[in-house]
Amino acid sequence: MKKQPKATNGENKQTTSLSDAAALPEKEPFPIVGIGASAGGLEALEQFLSHVPVQCGLAFVIVQHLDPTHKGIMPELLQRTTAMEVFQVKDRMKVRQNCVYVIPPNKDMSILHGVLHLFDPVAPRGLRLPIDFFLRSLAEDRKELSIGVILSGMGSDGTLGLKAIKEKAGVVLVQEPASARFDSMPRSAIEACLADLIAPAEQLPGKIIGFLSHARNIATTELSLEQKDQNALDKVLILLRARTGQDFSLYKKNTVFRRIERRMSIHQIDKIATYVRYLQENHQEVELLFKELLIGVTSFFRDPEAWGNLQKEAISTLLEKRPAGGILRAWSAGCSTGEEAYSLAMAFKETLEQVRPTESFSLQIFATDLDRDAIDRARLGVYPANIAADVTPERLRRFFIKEDDHYRIGKEIREMVTFATQNIIMDPPFTKLDILICRNLLIYLTPELQKKLMPLFHYSLNPGGVLFLGSAESVGSFTSLYAPLNVKSRLFLRRDTLITAEPIAFPPTFIPAMSGGIKELMMMKPTANLQSLADQLLLQHFSPPAVLVNDKGDIIYINGRTGKYLEPAAGKANWSIFSMAREGLRLDLGSAFQKAIRLKKAVTIKGLKVDTNGGAQTVDITVQPIDEPEALRGMVLIVFTDVVTPPRQKAKGRSRSALTDDTSLLKLEQELRQYREELQTTREEMQSSQEELKSTNEEMQSTNEELQSTNEELTTSREEMQSLNEELQTVNAEQQSKMDELSKMNNDMRNLLNSTEIVTVFLDNDLHIRRFTSGVDKLFKLRQGDVGRPLAEIVTDLDYPDLTEVAQEVVRTLVFSERQITASNGRWYSVRIMPYRTIDDVIGGVVITFANITAFKKSDAELHEEIARLKGLLKITS
């Protein structure tokens, strides 16, 4: 953040007209503080502004809930507490530093490029959310220079605006609820986990100045990301992983560092190494940094145009492709507090009504996020009243239930969604999906990780499935996997394409990239010594030529010069040593190789003659199967050793008798012919054996390919089983959460009913007993086994013969009944019969309560007797 120029005293004292203010030239961006308060928050505003330095370099814009029928006098009241100029905003007023701007009554306000714009309110009085409206525009206009402050006020206005500021890396300050006259707005912001700093109103200006001062120091003293203390950054990530179990090393470094710098500014820490120490000493700060990095900002139907296109172009198409109906599956990855998943459920229901398919359809939505607290809030399905700014009145009426100052998701929508905590980087994905929503998550991940996730999403989707991304995201270079459905809305269709370039990387293999220092350490070469250099020289110049082959004879490695023994075969390239062996070696080499494999020991053949260029060379061949080391086990080493041929001596003379011995000569010729025939037969047998071996080799290769295919299928099945296991764990966690919640509610209800000492009986629409509380045995002869029996069959001590008829009338008319009824032993009870309403406003029977009023009746009788006695005395006296 750059240092802001100070305003002069003249700027603060001069009176500037509206036209002059709007005509001022644009300065470099400066922070703007948006302050939200109710009409009764004047005291908090005065406390806040009275502690703001005049030359603070900031601008303050105040948005209040004002009575639209009264003239605004707030600027005059606030001017008494501050030396800064206070303006009541007029349309197109330019914001200046060291000034205060107050919204006029009956207006909504926004900001664009530092200029304030006024609008006539559209929402009726009582439903307007002017603070949210302005803070959202402030977040878009000032990004990280936006500051949100919530002071005393009623309701939850401002909470959604603060979410937008947090998303843009701005800072949020909230008045301490105990010091606020009205604490609803501060509590709403705090309960939403949005407050960076909480303090009384008079202390908040000092917090803002301190935050900006340290942020400015960090920006001017720290080096670029490559030069920053990478080791300290790694330590922060290690502390996060140790505390939360989550690894942020695959998140973009700039994003991570900006969030760390923001926390450092809040605590006024200048160096990241100091912040590491602070994290070690404060576990709560680790949790807060974890929440900061998650950036859990979402809303219902975020980007309404894109959601409309999803309904018209995606969901409608999926329904048309399935004329037989069925269950569609969807996954909302990074769902935060659940608004996105519930939006999809509502959009699906609306599309069903528009398309009106002949068959039945349903949608099963899996919604996951890294933040366990966010998932817990999503499961509750309770949202503040200010969601009315994002959800249409029709949707609020149909899909939500209004409860006090908040809305609850209706049962129909809630049952469509299953929530679970999941790390998309580490956990198996959901599969066989028709819709996959991953919006505004990829932008925070490294490009390398994005390239791994895109094929994974393709694997998870069914053919023709829909991928829905955020407005700043795309499929990148994976156009062969996804076809554009609506590029502007970031809707893509899965192509029916096989991924053959490389296998899909599943989350457990997403290995974090090492830091630069570790990479350099890994790439350092060992220091060479004299012995290793000598060994290399001897191996290079004096070791015999040798070839390392696999068990099929395919060459893997060649040592030395082997050109005298091997030559490339004509035709298609072939690395088999039997094809490359020169004439004179091929046959004997093949037999020696098979013998060595069979006997599992070295075989040596001596005195082989190989034809070389212009002569012949005598060679000894050694074929050695390898058992050690482990990495070379199963391979074969073939060593060629040249043999020196002794010089041939010339014959000095021959015996005449030998030359003339025809019989001996004929015999030698016959033996030679016989040997040649035997040799030919042997060669034919060897060729036949070689063909058989070749056939066997081809069969083995075919079997190997089948085994590889089977292995790939098993791998795929394993990943599918992992995904199925993930789904089962998700459903189990959801059911366990519901069971825990129901158990707590059951305990609370039991204790509540017991503490009131009011006997209660629950009946269904047929007036059969569903449940009853303790103490009912004083009025009815009831046992636990009587659940399900008609109430009319139960013996009672009450003098209430038409109890069943009255209960039936209550079910029919929905009008409650209350009577005072006597019981045996002089007891009196107030019997109240009311309709039993479910959360969906469906009548499910009646509730009968029996309040013991015997003491009241006795007191009333005694009072009447005393009055009668007094009246008698008065008559006697008169």
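Remember, predicted model here, so these are calculated numbers, not experimental data. (Residues numbered from 1 in each chain as written. Predicted model: local features only at pLDDT ≥ 70, side-chain atom pairs only at ≥ 80, totals over all residues. Heavy atoms only, no water.)

> Help me understand helix 13 (residues 304-320) in this model?
Helical geometry: 3.6 residues make up each α-helical turn, so side chains three or four residues apart lie on a common side. Between its terminal C-alpha atoms helix 13 stretches 23 Å, which fits the 24 Å expected from 17 residues at 1.5 Å a residue. At L310, helix 13 shows its strongest bend, of approximately 35 degrees. When we look at burial in helix 13, the residues that qualify are A306, W307, N309, L310, Q311, A314, I315, S316, L318 and L319. (Helix = DSSP H or I, 4+ residues; strand = E, 2+ residues; numbered from the N terminus. Expected span 1.5 Å × (residues − 1). Bend = angle between axes of the 7 residues up to and from the residue. Buried < 20%, exposed > 50% of the residue type's maximum accessible area, 1.4 Å probe, protein only.)

> I'm lost on the environment of Q311 in this one. Help?
Among the secondary structure elements, Q311 is positioned in helix 13. As a C-alpha pair, Q311 and K349 span 38 residues in sequence and 9.8 Å in three-dimensional space. Excluding anything up to four places from it in sequence, Q311 contacts S316, A347, E350, T351 and R395. Within the local environment of Q311, its side chain forms a polar contact with the side chain of E350, the two groups lying 3.1 Å apart. (Contact = heavy atoms within 4.5 Å. Polar contact = N/O pair within 3.5 Å; in protein donor to acceptor, adjacent residues only side chain to side chain.)

> What's the story with the sheet that holds strand 7 (residues 115-119) in this structure? I'm lost.
Whether parallel or antiparallel, the strands of a sheet pair through hydrogen bonds between backbone atoms. Across the sheet, 3 strands lie side by side as 4-7-6; this open sheet has antiparallel pairing. For this open sheet the edge positions go to strand 4 (93-94) and strand 6 (108-112), each flanked by a neighbour on one side alone. Sheet topology note: the strand 4/strand 7 ladder contains 2 bridges and is antiparallel. If you follow K94 over to strand 7, its bridge partner there is V115. Strands in contact with helix 5 (residues 130-142) are strand 6 and strand 7; relative to strand 6, the strand with the most contacts, it is inclined by about 0 degrees. (Pairing = 2+ DSSP bridges. Axes fitted to C-alpha atoms, helices over the stretch in contact; angles between N-to-C directions.)

> Help me out: how do you make sense of the environment of A345 in this one?
Structurally, A345 can be placed in helix 14 (residues 339-355). As a C-alpha pair, A345 and F399 span 54 residues in sequence and 9.8 Å in three-dimensional space. Among all residues touching A345, those that are not within four sequence positions of it are I365, I413, M416 and V417.

> Just to check I follow, could you spell out the pattern of salt bridges for this structure?
One side chain can pair with another of opposite charge once the charged atoms of both are near each other. One pass over the structure, following the stated rule, counts 35 salt bridges. We note a salt bridge from D196 to K166, for which the minimum N-O separation is 2.8 Å. With D196 in the loop between helix 7 (184-191) and strand 10 (197-199) and K166 in helix 6 (residues 159-167), this pair connects stretches of sequence that are 30 residues apart. In terms of burial, D196 and K166 fall into one category: buried. (Salt bridge = Lys/Arg side-chain N within 4 Å of Asp/Glu carboxyl O.)

> Help me out: how do you make sense of the packing of helix 10 (residues 253-266) against helix 12 (residues 283-294) in this one?
How two helices sit against one another is set out by the angle between their axes and by the gap between those axes. Two elements in contact, helix 10 and helix 12, have axes separated by 10 Å at closest approach and are oriented at 135 degrees. As summarised for this structure, helix 10 and helix 12 are arranged oblique, according to the angle between their axes. The crossing of helix 10 and helix 12 is right-handed. The segment helix 10 lies against helix 12, with V256, R259, I260, R262 and R263 engaging E285, L288, L289, E292 and L293. Looking at the contact of helix 10 with helix 12 residue by residue, the classes come out as 5 nonpolar, no polar and 5 charged. (Parallel < 35°, antiparallel > 145°, perpendicular 65-115°, else oblique. Left-handed = near helix turned anticlockwise from the far one by under 90°. Nonpolar A, V, L, I, M, F, W, Y, C, P; charged D, E, K, R; others polar.)

> When you look at the environment of Q624 in this model, what are you seeing that I'm missing?
Residue placement: Q624 occurs in strand 24 (residues 615-625). Between the C-alpha atoms of Q624 and V603, which are 21 residues apart in sequence, the distance is 6.6 Å. Leave out the neighbours within four places in its chain, and Q624 touches A602, M635, V636 and L637.

> What's the story with a nonpolar patch on the surface in this structure? I'm lost.
Residues M721, L724 and L728 make up a contiguous nonpolar surface patch of about 310 Å² in total accessible area. Residue M721 is classed as exposed on the basis of its relative accessible area, which comes to 53%. (Patch = residues over 30% accessible without salt bridge, like charges linked within 9 Å, V, L, I, M, F, W, Y side chains within 5 Å. Areas by Shrake-Rupley, 256 points an atom, 1.4 Å probe, with all protein chains shown as cover.)

> Would you explain the nonpolar core in this entry?
Nonpolar side chains in soluble globular proteins tend to be buried together. L240, F248, I260, W331, F457, L467 and Y482 are the most contacted members of the largest nonpolar core, which totals 49 residues. Of all the secondary structure elements, the ones that give two or more residues to this core are helix 9 (230-244), helix 10, helix 11 (272-281), helix 12, strand 11 (326-333), strand 17 (433-438), helix 18 (447-460) and strand 18 (461-469). Apart from residues no more than four positions distant in its own chain, Y482 is found in contact with M454, F457, H458, L461, L467, V475, F492, L493, R494 and R495. L319, L352, F399 and M416 belong to the second largest nonpolar core, which has 44 residues in total. (Core = buried A, V, L, I, M, F, W, Y, C linked by side-chain atoms within 4.5 Å.)

> Any chance you could explain the sheet that holds strand 5 (residues 99-102) here in plain terms?
Taken in spatial order, the 7 strands of this open sheet run 3-5-2-1-8-9-10, and their pairing is parallel. With one partner strand each, in any of the chains shown, strand 3 (85-88) and strand 10 form the two edges of the open sheet. Pairs of neighbouring strands in the sheet enclose a mean axial angle of 20 degrees, with direction left out of account. Inspection of the sheet shows strand 2 (residues 59-65) paired to strand 5 by 4 bridges, in the parallel sense. When the sheet's bridge partners are listed, A59 is paired in strand 5 with C99.

> Would you mind showing me how to read the packing of aromatic side chains here?
Two aromatic rings, taken as a pair, are described by how far apart their centres are and by the angle between their planes. Within the structure shown, the criterion is met by 18 aromatic pairs. An angle of 85 degrees between the planes, with centres 6.3 Å apart, marks the rings of Y342 and Y383 as edge-to-face. In this pair, Y342 is assigned in helix 14 and Y383 in strand 13 (residues 382-384), connecting sequence segments 41 residues apart. Note on accessibility: Y342 and Y383 belong to one class, buried. Connected via pairs of aromatic rings, a cluster forms that spans F300, Y342, Y383, F400, Y407 and F419. Over the face of the ring belonging to F30 we find R142, whose NZ or CZ atom lies 5.2 Å from the ring centre. R832 extends its terminal NZ or CZ atom over the ring of F816, reaching a point 4.3 Å from the ring centre. (Phe/Tyr/Trp six-rings, centres within 6.5 Å; stacked < 30°, edge-to-face > 60°. Lys NZ or Arg CZ within 6 Å of the ring centre and 35° of its normal.)

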